[in-house]
Structures are given as C-alpha cells and as structure tokens.
Amino acid sequence: MNPFFSNRRLIVLLVCLIFLVGLIGYSLSEQRTLSWPEQFVQDSVGVVQSAFSRPAYWVSSSLDAVGDIRDVYRENQVLKAQLEEHASVLVERNQLEERNAELEEALELESDLSDYTSHHAMVIQRSPDRWNERIGLNVGAQDGISEDMAVVTSAGLVGKIREVSQFTSTVQLLSDQDAANRISARSDGEDTAFGFMEGIDEESGYLRFTKIDMELEVEEGDIVSTSGLGGIFPSGITIGEIVSVQSDEYGLSQTALVEPAAASHQLDYVTVLDREAPGGDDNSEEEEEEE
Amino acid sequence: MSRLLLPLTIFILFIIEGTVFQIFSGSSHQDTWYFIPYFMLMLVILTGIFRGRSHGLFYGIFFGLLYDIVYGSVLGIYTFGMGLTAYIFSISAASVKRSLRMLTVVILGAVIALEYYLYGMMSLLGMTGEGHGGLFLTRFLPTFIINGIVAALIVSPVRYWFYTVDGRDDGR
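Residues numbered from 1 in each chain as written. Chains lettered and ligands numbered in written order. Predicted model: local features only at pLDDT ≥ 70, side-chain atom pairs only at ≥ 80, totals over all residues.

Going by what an unreviewed UniProt entry lists, chain B is known as Rod shape-determining protein MreD and is assigned to Alkalicoccus saliphilus. Taken directly from UniProt, the Sequence similarities (unreviewed entry) text for chain B runs: "Belongs to the MreD family." Turning to chain B, the UniProt record has this under Subcellular location (unreviewed entry): "Cell membrane". (UniProt positions renumbered as here; feature names shortened; annotations may be inferred.)

Per an unreviewed UniProt entry, chain A is named Cell shape-determining protein MreC, and its organism is Alkalicoccus saliphilus. The heading Function (unreviewed entry) in the UniProt record of chain A holds the text "Involved in formation and maintenance of cell shape."

As structure tokens, this is what we get:
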C-alpha cells in the first residue's frame, strides 16, 4: 500500500494549493468579466440545466395547482371585489399617462429614468451552497443581456446581473453578502429619503436600507423603490416595505430594515430590465464593448 | 458504456443539486433550517474508496472546478476543497470496505470536513459574517443529519454496483 503522502500526489496537492491562492486572487479582482473557458463551461452546463429545470418546474407547478384548487373559491370572492376598484384605477391611470405624454412632449424630454425594455428569462440554477445568493438564467449576451441590469419579478426587484456569458447569465440577489452589492434606493413616505440597499441583516434576515439622512422622517410601512440615480437601474421598481428604523453605529445616518416585496427563495421566471436612459459614466464603456 | 457511467452519474448529481433539488426545496421553512446537498461528494468519496485514491482525487478536482465555475463566486475554493477531501477520505482499507457502518461514517466525515472548510474559507474571504452558534442549528446540524441519512441509504447499492458492474470493466 502507498504511504499516505507519496511524492507524486503530494506535488499534485501542492500545485493545487498554489492554484487555489492564484485563482482566489484572480477572481476577487474588481471589474472582472468572465474569461472564455468559464463562459464555455457555463453555457454548456446551462443547456443541461435548462433540460433538467423545465420538467421540474412543470411537476412543481402542477403540485402547487392541486393545493391551489382548495383556495379558489375564497380567492375568487376577494378578487371580484378588487376588480371593480381596478377598473376605476385603470381609467384614471390612462388619463394620467396621456397627460404625462403630452407634458413630456411639450418639454421635449427624450428618455426618462423609468424607461426600459424587458427580456424574459427562466431560472435554471441556484448555487446549492448557500454561501452566496446567486441564480442562473437561460439568457446571455446573445439575447442582449449585459452586466448590472436589474432583475425583477412581478412583485418587485430581486437582484442584478453579475456575470454574463454567451447564452447564460448569473444574477446576484439583493440578499447576497458582498461589499459591491449596493443599489441606490429611495423611500416614499412623509419625506422622500435616498439611500443604498446594502445586503442583508444577518440577525433578522431583512434587507438593509442605509445612509438615510438623519433629519428625514422614515417610518414603518414606507415603500422602498429604486431611485434610478445609480446610473444602472430604471427608477420606480419596488424593493420592499420598511419594518423598522434605527440610527447607524456612529449615529450619523439612519438604517432601515426592509422586508423584500419579491420572495427570493422560490424563483422560477424573472424579467431582466434594460434601462434606456444613458447612465452616468459607463456610457463610453458600453460603446467600446459593442464594437 | 459502463466506463462513462460513473462520470455521467456524478455529473447528473452535480446538475440536480443546483436545479431540481433547488426547485423542490425552496419552501417557507427556509428561515428556521435548511440543508446543503452533498450527494456528488458522496459518490466521489465512494469512488476514491473502491477504485483507489487517485481516481477520487481526479474526480474531486475535476468536479470541484466545475462547481466553482458554475455555482461558486470565487474560483478555486471547491477545486482545492473537494480534491483535498477526496484525497483524505479515500480510505481503501478492507475494514472500511467491508462494513457499511464504517463507509457511512467516512462519508459523513468528508461532508463535515468540507462544510467546515467552506465555512472557514467564506469567513476568511468576508463572504459571510455569521457566527458559528447561529449557523450550527439552522445550517450545519440539518446538513449533517440529512446527508448522513442519505449516505446510510446509498452505501449498500453503490458498493454492490462498484463490486459487480464496475469491477468487470476496471479489472482488465
């Protein structure tokens, strides 16, 4: 029998260790885009993952449907009541939209921070170790996806595109613990407050809305949405609702805990938003990439 | 064909952990406890035990690299971790091979070692700030218990497969 660390295997292990340190250094460097071997592996694995995900979603949704049948009657009553209200809101909304269009035309505004085009995508994977909160989508650079686009469900914002390969892409969810995971946000209550979404509060599991001005009144129940000021996201995408407010550790600003509007632990289909208004400084970068 | 069966099975487990498993496990109890599947690691360790250490090391590194690229955020963590775990726990002594209980214990040891290695790496790189006390009940304990049960269930059929079906191909 071989000794536990025979020479050849020990060398393999040591090379592996050096490889590890090198790779960690490489992948922690800022502003890294995926290299072609990574793109190739992600794309080819992505094809298999789509093939596995589709039938799984089908089975999972038919199981859900069985449970839903029981609630149908009660839900129907509630929805009927809401429908009448909906009709009147719709008329009002159409009028306002028309008026808004007229006013924009009068002011010769070309594009607004809230304008976007959308791409629909299926979630094909989620990293099984929950150390990072990332999901994979079955759309990539070939479908017009690029980094830092907003990813939403019908309920609200879930995250942003982090890595893009040719046919797949990876989304960093709002709850991911990463110093670079910041999103410019605003809350609309009595006062309009601006701040940043900065990951998750580990004790309570809620999202953290930080750097709010000390003077402003921020209350429980205020709705937090994207501000569009970061130069990346369209404005007015719901993020969640404030559940508690406290001052930060230095007493210079306030931090609010936000309950996310979109549940991130069960995602199947999402929408990727491509903002139309030009961003601040990444404009020239994008043009270079297109060439 | 039976040559390809083992890598193919490991690959399918690799895919299932990230897709099918995630779709069915994403339910509302997630705040109180959740567990991380290590089915792929189990098969890699069993390969190491029954086919020899170098096989285990090779599959560990190869699928570790794949895991890093597809699921991970920092490259190299799984490549090294799975390679090292597969190397250490590929104990091919006859006493281990003979007893199902010993096989289960070795696999469970590998799962615990990899889980703690990952926790150490993630704390070191600042990817998690959670303390051990909080994670132990919500994450580590369920992970160890459920993976241990799965390991106990699969060792017998997998050993049978390695001895009968796989042995003919490898014994040339």
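Asks: How would you summarise the overall build of chain B if you had to cite specific residues and measurements?
Replies: A tally of regular secondary structure across chain B gives eight helices and zero strands. Taken from the N to the C terminus, the helices and strands of chain B come in the order α-α-α-α-α-α-α-α. In terms of overall size, chain B behaves like a compact globule, its C-alpha atoms giving a radius of gyration of 16 Å where 172 residues would be expected to give roughly 16 Å. If you line up chain B on its principal axes, its C-alpha atoms span 50 × 30 × 30 Å. By the burial criterion, 42% of the 172 residues in chain B qualify as buried. Pairs at least 24 apart in sequence give 70% of the contacts found in chain B among residues at least 6 apart. (Helix = DSSP H or I, 4+ residues; strand = E, 2+ residues; numbered from the N terminus. Rg over C-alpha atoms; globule rule 2.2 N^0.38 Å. Buried ≥ 20, exposed ≤ 12 C-beta atoms within 10 Å, placed from the backbone. Contact = placed C-beta atoms within 7 Å.)

Asks: Which residues make up the interface of chain B and chain A, and what values go with them?
Replies: With 38 residues of chain B at the interface, the matching set in chain A holds 38 residues. Contributions of two or more residues to the side of chain B that touches chain A are made by α1 (2–18), α2 (20–25), α4 (53–70), α5 (77–89) and α7 (100–124) of chain B.

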